[in-house]
Amino acid sequence: MYKAHLIGVYNHGELPEELQGFVGLQAHRERYEPKKEDKVAVLQIVGTSSFSPIFLNTVEDISQIEKRLREIDAELDDVSRASLQRVLQEKHI
């Protein structure tokens, strides 16, 4: 199983250019129309040049993120799990 490492949480409208293609493809796959202010967590699949974007307003808790990653044979590393849990908690405040 691959490890997924959080490289950043971005507003969709402020994504670095090198990540826009990955995020656009994921939005297309999910049939999701992101708004500029939507938060996107971008995870790098360690040992590859692949990224897995997660639209944070489409998940309620960390278990939903972990489920999506299992579908691509990946799991969060411990630091990324803790960081995403904090981000998701802030979303609910």
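Treat the numbers as computed from the prediction; the structure is a model and nothing was measured. (Residues numbered from 1 in each chain as written. Predicted model: local features only at pLDDT ≥ 70, side-chain atom pairs only at ≥ 80, totals over all residues. Heavy atoms only, no water.)

Colleague: Got a minute to help me understand the packing of aromatic side chains in this structure?
Modeller: Two aromatic rings are characterised by how far apart their centres lie and by the angle between their planes. Going through the model one piece at a time under the given rule, you end up with 2 aromatic pairs. Consider the rings of F22 and F51, whose centres lie 4.9 Å apart with planes at 70 degrees: the pair is edge-to-face. One end of the pair, F22, is in helix α1 (residues 17–30); the other, F51, is in strand β3 (residues 51–55), with 29 residues separating them in the sequence. Among the residues examined, F51 registers a relative accessible area of 23% and is labelled partly exposed. Where Y32 meets F55, the ring centres are 4.8 Å apart and the plane angle is 45 degrees; that geometry is what we call tilted. Here the residue Y32 occupies a position in the loop between α1 and β2 (39–45), and F55 occupies one in strand β3, the gap between them amounting to 23 residues. Classification of F55 by relative accessible area gives buried; the value is 0%. (Phe/Tyr/Trp six-rings, centres within 6.5 Å; stacked < 30°, edge-to-face > 60°. Helix = DSSP H or I, 4+ residues; strand = E, 2+ residues; numbered from the N terminus. Buried < 20%, exposed > 50% of the residue type's maximum accessible area, 1.4 Å probe, protein only.)

Colleague: It is not clear to me how the packing of helix α2 (residues 62–70) against helix α3 (residues 78–91) should be interpreted in this structure. Could you clarify?
Modeller: Two quantities define a packed helix pair, namely the angle between the helix axes and the distance between the axes. Following both chains from N to C, one finds α2 and α3 inclined at 135 degrees, their axes separated by 10 Å at the closest point. Taken together, the axes of α2 and α3 lie oblique to each other. Mapping the contact onto sequence places I62, I65 and E66 in α2 and R81, L84, Q85 and L88 in α3. Looking at side-chain class alone, the contact of α2 with α3 contains 4 nonpolar, 1 polar and 2 charged residues. (Axes fitted to C-alpha atoms, helices over the stretch in contact; angles between N-to-C directions. Parallel < 35°, antiparallel > 145°, perpendicular 65-115°, else oblique. Contact = heavy atoms within 4.5 Å. Nonpolar A, V, L, I, M, F, W, Y, C, P; charged D, E, K, R; others polar.)

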